[in-house]
Amino acid sequence: MSASRSRAPGGLRRLHPISEAAVGKQSWTRATTTAIVFVHGLGADPNRTWKNGDTCWITDFLPDDLGERGLGSSVQLFTFDYDSYWLRNADSTSLRVTADSLALELTRGEVRQYNLVLVGHSYGGLVVKKALVINVNKLKSRVKGVFFLGTPHKGTKFVRFGTATAKLMAPFDSDLEIMRPLAVDNMDLDDLEKDFHEEFVHTPRRYFFETRKTRRYLYIRELVVSQQSATFGARRTEAIALDTDHQGLNKFPSRDNNYQKFVRELFAVLQGPGDTAKSLIDTLTNPSPSHQNVNPPEVADETQPGHWLVPFTDNPDFVGRTSILDEMKQQLGHSQKSVTHRARPRVSLFGLGGVGKTQVALAYVHWLRRTYPEMSVFWVHAGTSGRFRQGYIEIARLCSIPGCSDPNANMLRLVKDWLEKKHLGRWLMVVDNADDTHVFFPAQEGGDVELETGDNLADYLPDCQHGSILITSRNKQAALKLIKGHPPIQVDRMGDDEACQLLLTKLKDSPDFADKAVMLSSRLEHLPLALSQAAAFIQENSITISKYLELLDKDDQTFLNLLSRNFEAVGRDSQTPHAVTATWVLSFELVQQQHPLAGDFLSVMSLVDRQGIPRSFISDFYTGRNQPSQMGEDIELETSLGVLKAFSFVTEQEDGSLNMHRLVQLVTQKWLTQKGMMEAVTEKALEAVASGFPNWEYETRDVCNKYIPHACAVLSMASPELMSDTKARTHRTLASSFYTLGRYGEAGRHCLKALDMYKATVGEESLETLACMSNMANAQAMQGRYKQSTEMLERVAEGRGRLLGEEHPLTLSCTARLAHYLHRLGERERPQEVLLQVLEVQKRVLGDTHADTLETMRNLAVGYLELDPPSLGEAEKLMRMVLEAQKKRFGEVSPKIIITIGLLANICQKQNRFGEADLLLVKAVEASLSIFGKEHPETLRHQGNLAISYIHQGRLDEAEKLMSSVLEASMVLGTENEHYAYSLSIMASVYWAQGKHEDAVRLNHECLSTQQRVYDPDYWEIRETEKKLDKWESFLTRNKEEASLARNKGEASLARSKEEAYLTQRKGKRRFRVFRSIRG
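Because the structure is a prediction, the values reported are computed rather than measured.

1. Points about the overall build of the protein chain
So, point 1. If you tally the helices and strands in the protein chain, you get 46 helices and 19 strands.
So, point 2. Looking at the protein chain residue by residue over its 1080 residues, the buried ones come to 52%.
So, point 3. Taking all contacts inside the protein chain whose residues are at least 6 apart in sequence as the whole, residues at least 24 apart take part in 72%.
So, point 4. Roughly 49300 Å² of accessible area belongs to the protein chain as shown, and the carbon and sulfur atoms make up 50% of that amount.

See below:
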């Protein structure tokens, strides 16, 4: 509802013909003349309401189109203008007053002689209805049709914003009365509809409604007039969707699809019910050639229609694709813009099977027939050489080409030569489904097609100035060859609006269409064939869209079964599969047959995550095939990937990674299963992942992160019964990556699966099994299960000692970690002795600066902190030695150095050197954020220790703020781990220091509960938390008792004070009486 101000003269205003003289030259009579009256909406500027920019479709397009259809001499165009401004300085009016004015205008002057077609936009539609009801006796017989453009027959929610604004502007003379009828479910509107329907039920009516939302405020969008309100009272065939918002319903910028829908209905009403069906069909067109200004190079006799050999009728449900159709007109020389450009003799549409290439071509040729009836149009199927040949034979027979009856004639050559002769005039040939390059270029591709002359089939495609060829293909490479290198036009999935329009043509009566249509189109990835298939199933089984979505979501198998059902569709060849899955399977098999390596790539890619597939994964798979290359590895790899991109099975991203559509992936998996290839392909995919997946290091972290989702996807596809070394290695590598990322629960689960496989395949005493047990122990330890971890490491140390020897590096590192975990269980002296012994051997065997040696030294330093009393000096000295050695070996920043810096800061804190500790911890936090990320346990640990430092320095607000973010980040990893418990403990300490004692106790209880779920029952940290909790609760209890005692003492003291005051008062009164008696 606009509020622009323009005081145009009220009443009827003639737009066509403009002059009175022009009117006088025509024989205007009531019997032959119709006045089309356009009535604008609320708050509109009468001078601009029908314009889009400087284009007014009523005067710029409609008169010419009326003339082209022989209606120019029998139609006059008027607007009815009225003052609908309501915001300020408004003239008070109402729907009744405006309708009275319109009814009066229609029954006086020259217009009273004419038949009427009334067009009302928005509020203007209500004015039209009211005017007709008011003066029904004089108007009913003259009304040929009524058109409503987004009229709120049941009101609109948008009026609440206008009403609120009008109330605010009341001091400035806003007009609230004019908007009262627009309230949702207004009883007056219901009564108006009943009266209108009763009198005009047999009058042709059209109800156009918007499908795009209008921005109401910032990013909030909604329909100004809902479909239910705009089509209230309409029959099913009278409700028509326009691809625009509310303001665009009366502002057509060009002869676009919306304009064509409107004039199609308008011309049908003007021509009346007596016209033939063909005449009505001819009106459903785009503008005639005179409006396109086409200047073809060769034109046949326009009085003779061209040949029409198209096997499909026009698809009434075709929607959208405007930009593609415009591009086709431009390239083929059939549009106004292409006049100055040389038309291309061949144009191709390419895209994924089921995306609607044939439907676009079909819509184009039917438009071409209506617009240029003198042009000949031919349709040839090109799925096989036999079908292509049959198409040419049909052309020769039906067009009676000289020589077609000769059994020895070369039909391909005969048709080609005939089409290239100029006397035929302009023509267009559609070569549909030209997917197989071998069909057209067998000599180049090594195909087995035999032609009469031994030439390529492509040689028989005609090439001349007066003819054009439109090719549809799933294969971009085939399309490029056939159009000789020119860029083909890609037909991609539909947009949201187009997909909903398509569903609207089929499912508009579904009760949940408005709520679920967008969800359905999104779930089916806006693929036209899948949407049509879904609509057919919904209609056939009389179910709702919601029910269909439930079936889709049940599981992948049900999803695929739904996509595998056949259905009937307009414009789809009987020999071409109608189901989505069957359509793609044909392409899969074509690729597998002609490009085996591309087929292998497609197979393994269907088992990994469909997004961000690394090029290195494909390279690793290619290398692992161990087959010699005929053209060079790089060329063969790129060529095979090019085939998959050409068929639109995969798309390449800017970083070189590849994406695969979900539906394509699911159908490929089903195809592999049906072919019995799934197990073999899964093993290949596992091998490629296992060989390409590096161990997680600081330098390889990006590659590892990219591989994780793909490794998980392949493992999920592998059969549970599959026990192979490749599968076990993949689980083990994943476990290591998850461990380094701080996702210890997932690391443990993958370790367990790998461990079971290694035990089954290589036995319990193998090095692989022991390595997996070692990883499992680390994952258990990081989740606080140190007892289980130490038991497992003892078995690993014993096994490695037997297999590798006591002084092997793996044995020594395992023993050192075992001692460290014993520290965590509360043991003090024995672990230190073990660490000293291991360190001595490591220095001798590995050297002083080996990574294992430095890690043992660091664990030894931590052990000094655990002694009673702690040896802080020894711990710090040893830790600084480790830090300096690590910097020389690993550089300034590495995961190992970050851990050492954090432990050194901990030593400083124990010595009350909080300033120095702060500097170290800030450095550790910054490095952790850079390397691990904000949600990694290592980062959270350093931030928690920094908060402890803040507590000791009295910086409590900073500590609380820091721990709030730490707790929020730690919850991403879950609440069942020691890091979450540690964060709760520190936050509880912050609250206690702030005097929020009850909050502190509450958090400590939560911390204890988490520890009891996570740790072993007798773990020492549980005991420490219990001690702290007892201490705090005792403190609170004492405080409450002291407060109660103080309160009781205070009450007793108050009572004594009152008693003393009373006694003093009594004593004073006695003295006064004695004094009076003495004086008396």
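2. Description of the sheet that holds strand β2 (residues 34-39)
Strands belonging to one sheet form pairs held by backbone hydrogen bonds; the direction of such a pair is parallel or antiparallel.
So, point 1. As summarised here, the arrangement of the 7 strands in space is β1-β5-β2-β6-β7-β8-β11, forming an open sheet in which the pairing is mixed. With partners counted over all chains shown, the strands left at the sheet margins are β1 (11-16) and β11 (239-242), one partner each. Sheet twist, expressed as the average angle between the axes of neighbouring strands with direction ignored, equals 20 degrees.
So, point 2. As judged from the 5 bridges shared by β1 and strand β5 (residues 75-81), these two strands associate in the antiparallel manner. By the bridge assignment for β5, His-16 is matched with Leu-77.

3. Things to note about helix α15 (residues 385-398)
So, point 1. Across its 14 residues, α15 extends 20 Å between first and last C-alpha, which sits within 8% of the 20 Å expected from 1.5 Å per residue.
So, point 2. Of the surrounding secondary structure, the elements contacted by the buried residues of α15 are β12 (308-309), β14 (376-381), α16 (411-419), β15 (427-432) and α17 (437-440).
So, point 3. Taken from the residues just after α15, Ser-400 is the one with a positive phi, measuring 50 degrees.

4. Side note on the side chain of His-750
So, point 1. Following the sequence through the fold, His-750 ends up in helix α33 (residues 744-761).
So, point 2. Given a relative accessible area of 12%, His-750 falls into the buried group.
So, point 3. In contact with His-750, other than residues within four places in its own chain, are Leu-715, His-731, Leu-734, Ala-735 and Phe-738.

5. Notes on the nonpolar core
So, point 1. Of all hydrophobic cores here, the largest spans 108 residues; its most connected members are Phe-601 and Met-605.
So, point 2. The element contributing the most residues to this core is helix α14 (residues 357-371), with 7 residues.
So, point 3. With residues up to four places along the chain from it excluded, the contact list for Met-605 reads Ile-613, Ile-618, Leu-644, Val-650, Leu-658, Met-660 and Gln-665.
So, point 4. Counting 92 residues, the second-largest nonpolar core is a separate cluster that includes Met-757, Leu-822, Leu-883 and Trp-1032.

6. What to know about the packing of helix α32 (residues 725-740) against α33
So, point 1. One can describe the packing of α32 onto α33 by two numbers: an axis separation of 8 Å at closest approach and a directional angle of 160 degrees. Looking at the two axes, α32 sits roughly antiparallel to α33. Helix-helix and strand crossings are classified by hand; for α32 and α33 the assignment is left-handed. Only Tyr-744, Glu-746, Ala-747, His-750, Cys-751, Lys-753, Ala-754, Met-757 and Tyr-758 of α33 make contact with α32, whose side of the interface consists of Asp-725, Lys-727, Ala-728, Arg-729, His-731, Arg-732, Leu-734, Ala-735, Phe-738 and Tyr-739.
So, point 2. Residue classes in the contact of α32 with α33 are distributed as 11 nonpolar, 2 polar and 6 charged.

7. Remarks on helix α31 (residues 701-717)
Think of an α-helix as turning once every 3.6 residues; residues three or four places apart then point the same way.
So, point 1. Taking 1.5 Å of rise per residue, 17 residues should cover 24 Å, and α31 covers 25 Å from first to last C-alpha, within 8% of that figure.
So, point 2. In α31, a bend of some 30 degrees at Tyr-707 exceeds every other bend along the element, and Pro-709, a proline, comes one to four places later.
So, point 3. Taken together, the buried positions of α31 are occupied by Cys-704, Tyr-707, Ile-708, His-710, Ala-711, Ala-713, Val-714 and Leu-715.

8. A look at the sheet that holds strand β17 (residues 489-490)
So, point 1. Judged by pairing direction, the sheet is parallel, and its 6 strands sit side by side in the order β12-β14-β15-β16-β13-β17 without closing on themselves. Each edge of the open sheet carries a strand with a single partner, namely β12 and β17.
So, point 2. Note: β15 against strand β16 (residues 467-473), 5 bridges, orientation parallel. Across the sheet, Trp-427 pairs through a bridge with Gly-467, a residue of β16.

About the thresholds
- Residues numbered from 1 in each chain as written.
- Predicted model: local features only at pLDDT ≥ 70, side-chain atom pairs only at ≥ 80, totals over all residues.
- Heavy atoms only, no water.
- Helix = DSSP H or I, 4+ residues; strand = E, 2+ residues; numbered from the N terminus.
- Buried < 20%, exposed > 50% of the residue type's maximum accessible area, 1.4 Å probe, protein only.
- Contact = heavy atoms within 4.5 Å.
- Areas by Shrake-Rupley, 256 points an atom, 1.4 Å probe, with all protein chains shown as cover.
- Pairing = 2+ DSSP bridges.
- Axes fitted to C-alpha atoms, helices over the stretch in contact; angles between N-to-C directions.
- Expected span 1.5 Å × (residues − 1).
- Core = buried A, V, L, I, M, F, W, Y, C linked by side-chain atoms within 4.5 Å.
- Parallel < 35°, antiparallel > 145°, perpendicular 65-115°, else oblique.
- Left-handed = near helix turned anticlockwise from the far one by under 90°.
- Nonpolar A, V, L, I, M, F, W, Y, C, P; charged D, E, K, R; others polar.
- Bend = angle between axes of the 7 residues up to and from the residue.

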